[in-house]
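Descriptive analysis of the structure
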Amino acid sequence: MTLSILSVASEAVPLVKTGGLADVVGALPEALAPHGAAMTTLLPGYPAVTATLGKKHKVLHTWDSLLGEPARLLAGKIGAHPLLILDAPGLFAREGGPYVDATGRDWPDNWKRFAAFGRAAADIAGGAVKSLSFDAIHAHDWQAGMALAYQRFAPFSGDGAGAQLPSVITIHNMAFQGHYGADLFPALGLPPQAMAIDGIEYHGGISFLKAGLAAASRITTVSPTYAREIREPGFGMGLEGLIRAREGEVSGIVNGIDPAVWNPASDPALKASYTARALAKRAANKRALEAEFGLEKGDGPLFIVISRLTWQKGMDVLLEAADHLVGIGGRLALLGSGDAALESGFHAAAARHPGRIGVRIGYDEALSHRMLGGGDAILVPSRFEPCGLTQLYGLAYGCVPVVSRTGGLADTVIDANLAARQAGVATGVQFDGVRWQTLADALTRTVQLYRDPAAWRSLQRAGMGADFTWTGSGEAYADLYKSLTVTR
Ligand code: ADP
Ligand code: GLC
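The following paragraphs examine the structure supplied in this document. This structure is a prediction, so every number in the text was calculated from the model and none was measured. Going along each chain's sequence as written, the residues are numbered from 1 onward. Here every chain gets a letter starting at A, and every ligand a number starting at 1, in the order they are written. Note on the predicted model: pLDDT of at least 70 is required for a residue's local features to be given, and 80 or more for side-chain atom pairs to be given and counted; whole-chain, interface and lining totals, by contrast, use all residues. The basis for the side-chain values is all heavy atoms of the structure; hydrogens and waters are excluded.

Some words on the overall build of the protein chain
What counts is decided by this rule: Comment: elements are numbered from the N terminus, with helices defined as DSSP H or I runs of at least four residues and strands as E runs of at least two. Atoms considered for the radius of gyration are the C-alpha atoms alone. The globule rule reads 2.2 Å times the number of residues to the power 0.38. By the convention used here, residues are in contact when the closest approach between their heavy atoms is within 4.5 Å. Accessible surface area values rest on a Shrake-Rupley calculation with a 1.4 Å probe, where residue burial reflects the displayed protein chains alone. Asp and Glu count as negative and Lys and Arg as positive, but His and the ends of the chain are not part of the count. By convention, the point assigned to a charge is CZ for Arg, NZ for Lys, CD for Glu and CG for Asp.
On a plain count of helices and strands, the protein chain comes out with 20 helices and 18 strands. Computed over C-alpha atoms, the radius of gyration of the protein chain comes to 23 Å, within 12% of the 23 Å expected from 2.2 N^0.38 for 488 residues, which places it in the range of a compact globule. Long-range pairs, those at least 24 residues apart, make up 72% of the contacts in the protein chain between residues at least 6 apart in sequence. Summing over all exposed atoms, the protein chain offers an accessible surface of approximately 18,700 Å²; the carbon and sulfur share of this is 55%. With 43 positive and 45 negative side-chain charges, the protein chain shows a separation of 5 Å between the mean positions of the two kinds.

Quick look at the structure:
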């Protein structure tokens, strides 16, 4: 029997993306299909999403008032899989990002936008649309948390149906929780008992993520190590108590990457394609990358960074270590955007080290492929990292990951310590604690490894041989849904 799953998320590749969440939500339907689960994705109707609809799209449902806003449910496609679009122009049809306006400020009505999104999801899950029925609901991050709270406290009750579906919530990042003031509570349309410590209440206010975590049948996050880390205050960010209380229902399923998109043997963005057996071909990509970033040739490694420039990603520490990186013979090509101070800091580092550090501020998917195909090592010095995708791309491309030992970075990279090197299984360099000294040591160790061509090739080949496609994780999610639905 095929299970029918409603996936509720605020972004999905290829329609709208601000980070790895979109990659994962976009990949899940395809990852699950071979394992007996058919996934339908519900997205907000941002302009980029409704623009993909043809003229003759189907209207599946209408709401006169979804938290005061008229809305429609439209049927679309994401790849080969069904897509539901919540078309509520008053909430989502505006220029700017999914969460912030053109100046980078949070939309002031985000609470309403994602509460309405949750209300709609709960209605769909509860049978509001006759042509749609689901066995389970899978919510992602705080933006979808309210779907599970509405299901729990105010389920759709069209003709007395109102059944609650089994539910999963996946935490992609505990740092974003959707906190609002208690004064908004009356506008949410929930019964008074929802505003309780085991409901949506959080330190006197409201937390959309907590609302979802408290209501879900199961909680997952995107790596086993992060699933353990969020039991502690530094990582749980205030929700560690809830995670500990629900410990037996929390698990980590590591993200995969799509081999059709991330494969150096067939990547159209690369000057030269290559496999693990023909690594010498990478040289042409490296030369092109050096030219693109205005870098001089050198006999040390070419480090790359593809990242949001934020505190989470340890970019401030990398900036401090930039002089050391150059001093030991490394070069750096950085692509990213984020905090203004970090953007200007990296521009200044590039100005200090012309020909050694090159910086591109912005978002550029094709360039990210070219960097992976030509760079020697990818730096991911995150303070916390629920999973991380760029180190997985690095592994697939023979661009050796240099990572902090946290979250998914700890789970997906094997450090080049003596034992791992002797066994031929090392795939990268890991370091503990994100500080100048630990990062500087890791950079030095990477340069030493790079200067031993046989050792370096062994790291590249072992990484390229590792399987971080979706096969195993798709099955793990399917098994989770099955475990929830058989007991009903
Ligand atoms: P996070 O979601 O925390 O930002 P992930 O590593 O899970 O981290 O996912 C980030 C995704 O965004 C990856 O697909 C990465 O390649 C991409 N990305 C980040 N910054 C850029 C950029 N400046 N240009 C192109 N792609 C980027
Ligand atoms: C978040 C995390 C990142 C993870 C991604 C997808 O953005 O920061 O570590 O890979 O979600 O799950």
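From this point, the discussion proceeds with the structure in view.
A look at the site of ligand 2
For clarity, the threshold we go by: Any residue with a heavy atom positioned within 4 Å of a molecule or strand is treated as near that molecule or strand. Here a polar contact means two N or O atoms within 3.5 Å. Within protein one must be a hydrogen donor candidate and the other an acceptor candidate, and residues neighboring in sequence count only if both atoms are side-chain atoms.
Near ligand 2 you find 13 residues, and of these His172, Asn255, Glu385, Cys387 and Gly388 are the closest. The contact in question runs from an oxygen atom of ligand 2 to an N or O atom on the side chain of His172, over 2.6 Å. Interatomic distance of 2.8 Å between a side-chain N/O atom of Asn255 and an oxygen atom of ligand 2. No other element matches helix H1 (residues 20-32), which puts three residues into the shell around ligand 2.

Thoughts on the environment of His179
Test applied: Note on exposure labels: buried denotes an accessible area under 20% of the residue type's maximum, exposed denotes more than 50%, and partly exposed covers the range between, all computed with a 1.4 Å probe on protein chains only.
If you trace the backbone, His179 turns up in strand E8 (residues 179-180). Judged by relative accessible area, His179 falls into the partly exposed class, the value being 40%. Non-local contacts of His179, meaning those with residues more than four positions away in its chain, are made with Tyr202, Ile206 and Ser207. Looking at His179, its side chain comes within polar contact range of the side chain of Gln177, at 2.8 Å.

Focus: the sheet that holds strand E18 (residues 429-431)
For clarity, the threshold we go by: If DSSP finds at least two bridges between two strands, the strands pair. All axes are obtained by fitting lines to C-alpha atoms, using only the stretch in contact for helices, and the reported angles, taken between N-to-C directions, cover 0 to 180 degrees.
One open sheet accounts for six strands, arranged E15-E14-E13-E16-E17-E18; its pairing is parallel. Only two strands of the sheet have a single partner each, and these edge strands are strand E15 (357-361) and E18. The average angle at which neighbouring strand axes cross in this sheet is 15 degrees, direction not considered. Bridge count for strand E14 (residues 331-338) against E15 is five bridges, and the pairing is parallel. Among the inter-strand pairings, Ala333 is bridged to a residue of E15, identified as Gly358. Those strands touched by helix H14 (residues 365-374) are strand E13 (302-309), E14, E15 and strand E16 (377-380), and its axis lies near 150 degrees from that of E13. Helix-sheet contacts for helix H15 (residues 390-397) involve E13, E16 and strand E17 (400-404), and the interaxial angle to E16 is about 165 degrees.

Notes on the sheet that holds strand E3 (residues 58-66)
The strand order E3-E4-E5-E2-E1-E6-E7-E11-E12 describes an open sheet built from nine strands, whose pairing is mixed. At either end of the open sheet lies a strand with only one pairing partner, and these are E3 and strand E12 (250-252). Averaged over all pairs of adjacent strands, the angle between strand axes in this sheet comes to 25 degrees, irrespective of strand direction. By the bridge criterion, four bridges tie strand E1 (residues 3-8) to strand E6 (residues 136-140) in an arrangement that is parallel. Note that in E6 the partner of Leu6 across the bridge is Ile137.

Structural notes on unusual backbone geometry
Residue Pro14 follows Val13 across a cis peptide bond; omega there is 10 degrees. Mapped onto the elements, Pro14 comes out in the loop between E1 and H1. Of note, Met237 is a non-glycine position whose phi angle comes to about 50 degrees, a positive value. For Met237, the position within the fold is in the loop between helix H9 (233-236) and helix H10 (240-245).

Here's the deal with the pairing of E3
Both E3 and strand E4 (residues 69-78) contribute to a ladder of six bridges, which runs antiparallel. Counted as the bridge partner of Trp63 is Ala71 from E4. From the end of E3 to the start of E4, which pair antiparallel, there are two residues, and Leu67 there has a positive phi angle of about 50 degrees.

Comments concerning the packing of aromatic side chains
What characterises a pair of aromatic rings is the spacing of the ring centres plus the angle enclosed by the ring planes. Put simply, the rule reads: Here the aromatic set is Phe, Tyr and Trp, taking the six-membered ring for Trp, and pairing holds for ring centres within 6.5 Å; pairs whose planes are under 30 degrees apart are stacked, those over 60 apart are edge-to-face, and all others are tilted. Definition used: whenever NZ (Lys) or CZ (Arg) falls within 6 Å of the ring centre and also within 35 degrees of the ring normal, the charge is taken to sit over that ring.
If you walk through the whole model with that rule in mind, you get 11 aromatic pairs. By way of ring pairs, the aromatic residues Tyr46, Phe92, Tyr99, Phe114, Phe117, Trp142, Tyr180 and Phe208 are connected into one cluster. Just above the ring of Trp107 sits the side chain of Arg94; from NZ or CZ to the centre is 4.7 Å. A cation sits over an aromatic face here: Arg360 above Phe293, 4.8 Å from the ring centre.

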